[in-house]
Amino acid sequence: MNNSITQYFRKEMFPHIWCPGCGIGIILGSMLRAIQSTGWEKDEVVMVSGIGCSSRITGYVDFNTMNTTHGRALPFATGIKMANPALKVITVMGDGDCAAIGGNHFIHSARRNIDITAIIINNMIYGMTGGQYSPLTPTGKLGSTAPYGNIDQSFDIAALAASAGASYVARGNVFDVNQITHFIKKALLKKGFSVVEIIADCPISFGRINQLRTPVQMLEWIKSITVAKRVWEGLPEEEKAGKIPTGEFLDIDIPEYTEKYQETCNRIQQGRREK
Amino acid sequence: MDKNRSVRILQGNEACVEGALLAGVRFFAGYPITPASEIAEGMAVRLPELGGVFMQMEDEIASMAAVIGASLAGSKSMTASSGPGICLKQENIGFAAITEVPCVVVNAQRGGPSTGLPTKPSQGDVMQARWGTHGDHPMIALAPSDVNEVLHMTIKAINFSEKYRTPVMLLLDEVISHMREKVNIPTREEIELIDRKKPAVEKDNFLPYKADEDLVPPMANFGSGYRYHVTGLIHNEKGYPTSNNKEIDQLIRRLTNKVELNKKDIIIEEEFLLDDAKVAIIAYGSVARAAQRTIKLAREKGIKTGLLKLITLWPFGDETINRLAGQVDLIIVPEMNLGQMSREVERAVGGKCRVVSYSRVDGELINPLEILTRIMEESKL
Ligand SMILES: Cc1ncc(C[n+]2csc(CCOP(=O)(O)OP(=O)(O)O)c2C)c(N)n1
Ligand code: SF4
């Protein structure tokens, strides 16, 4: 058997479009190792993305794949999962894709607790369109549309997903590769809506304008702003500012949507037979 | 008598549900809106009984996305809405067009623009039906004019979407949606059902966007073992994004041509008393009902009038209209909009006869007498 994750690549699609030093490739590696560890067949895996650099992932992997419209990966994935619940459905989205234009779909997918794994590549910027600020750009950072510093507050995607009804929520960063692979694996195996947010570097669209020009500088900065959840909880309030906790935020077992739907169908069909 | 075959009094929206279920629709996603809600409500009752899926999504964008996803996974899928919701669906209607995913969108038209007239009929969305999503793309749109026809045209819409792998619009209006009429519900055996073509080649040789001679590529459902990529980017036969001029040109032309070159199969129209006519009415949807009465009234007055009732609005049936223009002196196009189809008729007529538009946009149906009055005014000239 081929143990390398390269078995999942569509080799004819390479070279890829990502910039040198981009974090997306590292995350793709983690995703594929996690998928490999589940033992799932390629035929049963469906990977759906929206639009953006992160969303280009689906073009390079040999599953049933879909590169949809900006922000809409989750409702497309929902239709697929409901039509064929046996399929293993994974979505991959950028931070703008998931939390701006797709924010409402994200909240409602969590609320339904449908058995889909959502991977969010949070590079804190609109990468593909050239560095406009996103709902995840930290306050004060620069973007091409925030030339005087971003005045918006940024979202906490993990807290949002947890409060909206998801089953599993974790956040990692592109620096701690083994940890994100572990989180993704748990998310894939979780019955219910599972979310893994990964803080990633975009040296081109985020780094350049924010004086983090090289991939190394960007990774070091990401390392400096992310703190393990345990440690973060013990920090005094003033030190929490500007820091992002990483770790598992939620891991619960609650009724899942496709199963609830099937139960409803069974109950109705049973009722009709008894009539 | 077969217990599935029945005569029932149904509302247009209910007939749409019956037609869709008969045609094999097993996935519906929607969002509430007047005057389309009864379609979702009917599906919410019926689909779980049949083991199908009904979902109320968070908005119309999501409904359209879910419908496309479900179709890719192998379900015949449908959504229904009205003006404001159809606007939101346009983004993903374009996605279905370029990725060639079969699906049906019902538009129970109400007055627009914007929130407009939620409880009044309109035909203001006929151009939106054709060109609502951006870029050159194919479109099939059907406009039934009575409840029985709603049932049959819903089946046709599903069949066309499967056959040509394209989104199909079913255009109702508030009157057709809500009025009740007698409907003959056929049995499964009595109707023709069309399913998407399956690939005939080995999995390794599968080119997901390589079309057959009919310009339609066979379609593999997700999970069937034919793994491929579906993207809203312009793509080549392999389904991969391309910036090659030749491949771009090929895709865009093929998408449009697979519908335009199959017009013979897709155009559905009916002719009434046209053989000796000197005046023709061209009408569709609920206005065609009024026009059917008008032609009789006009003949009583000695004006030889006939009706061409369009059911397929898109692709547009130029040929019949052009032929008709060589026979009649006057074509009158009554519509509940400011002449959207009348301009299309003028184009097809190509100057061969006079084309007059009769419009009503006040939320009221056009009645037979007003069309007659217009004909009398115009034929005096
Ligand atoms: C409806 C729509 N609006 C805008 C765009 C333009 N657009 C393409 S990618 C993108 C942002 C992507 O940013 P993000 O989701 O954060 O992903 P990244 O590129 O950073 O991975 C935008 C706004 C689009 N394709 N569609
Ligand atoms: S713009 Fe940023 S996110 Fe996009 S490929 Fe380049 S580095 Fe990666």
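Residues numbered from 1 in each chain as written. Chains lettered and ligands numbered in written order. Predicted model: local features only at pLDDT ≥ 70, side-chain atom pairs only at ≥ 80, totals over all residues. Heavy atoms only, no water.

Quick notes on the domain arrangement of chain B
Residue and element names in this part refer to chain B. Each domain of chain B was delimited in the assignment, giving domain 1 (7-190) and domain 2 (268-378). The centre of domain 1, based on its C-alpha atoms, is set 26 Å off from the matching centre of domain 2. Tallying the contact residues gives 29 residues for domain 1 and 24 residues for domain 2. It is Gln123, Val126 and Met127 that lose the most area in domain 1 upon contact with domain 2, and together they represent 30% of the buried surface on that side. (Domains from an automatic or database assignment. Contact = heavy atoms within 4.5 Å. Buried area = accessible area lost by both parts, 1.4 Å probe.)

What to know about the interface of chain B and chain A
Taken residue by residue, the interface counts 40 residues in chain B and 38 residues in chain A. Taken together, both faces of the contact between chain B and chain A bury some 3,200 Å²; the carbon and sulfur share is 59%. At the surface where chain B touches chain A, the tally comes to 6 salt bridges. Its salt-bridge partner being lysine 238 of chain B, residue glutamate 12 of chain A comes within 3.0 Å of it at the nearest N-O pair. Taken together, the links from chain B to chain A amount to 20 residue pairs in polar contact (both at pLDDT 80 or more). Contributing elements (two or more residues each) for the side of chain B that touches chain A: α2 (37-49), β3 (53-56), α3 (60-72), α4 (83-99) and β10 (229-231) of chain B. At 8 residues, α3 of chain B tops the list of elements feeding residues into the side of chain B that touches chain A. Counted by class, the side of chain B that touches chain A contains 23 nonpolar, 11 polar and 6 charged residues. Sheet analysis places strand β2 (residues 64-67) of chain A next to β10 of chain B, joined by 3 bridges and oriented parallel. (Salt bridge = Lys/Arg side-chain N within 4 Å of Asp/Glu carboxyl O. Polar contact = N/O pair within 3.5 Å; in protein donor to acceptor, adjacent residues only side chain to side chain. Helix = DSSP H or I, 4+ residues; strand = E, 2+ residues; numbered from the N terminus. Nonpolar A, V, L, I, M, F, W, Y, C, P; charged D, E, K, R; others polar. Pairing = 2+ DSSP bridges.)

Notes on the site of ligand 1
Within the structure, ligand 1 sits among 17 residues, and Cys53, Ser54, Gly96, Asp97 and Gly127 of chain A are positioned closest to it. Surrounding ligand 1 are residues belonging to chains A and B, so the site spans chains. Isoleucine 125 of chain A is positioned such that a nitrogen or oxygen atom in its backbone is 3.1 Å from an oxygen atom of ligand 1. The separation between an oxygen atom of ligand 1 and a polar main-chain atom of methionine 128 of chain A is 3.0 Å. Protein chains shield 74% of the accessible area of ligand 1, which is 580 Å² for the free molecule. The element that contributes the greatest number of residues to the shell around ligand 1 is helix α4 (residues 95-101) of chain A, accounting for 4 residues. Within the shell around ligand 1, the residues separate by chemical class into 6 nonpolar, 8 polar and 3 charged. (Near = heavy atom within 4 Å. Areas by Shrake-Rupley, 256 points an atom, 1.4 Å probe, with all protein chains shown as cover.)

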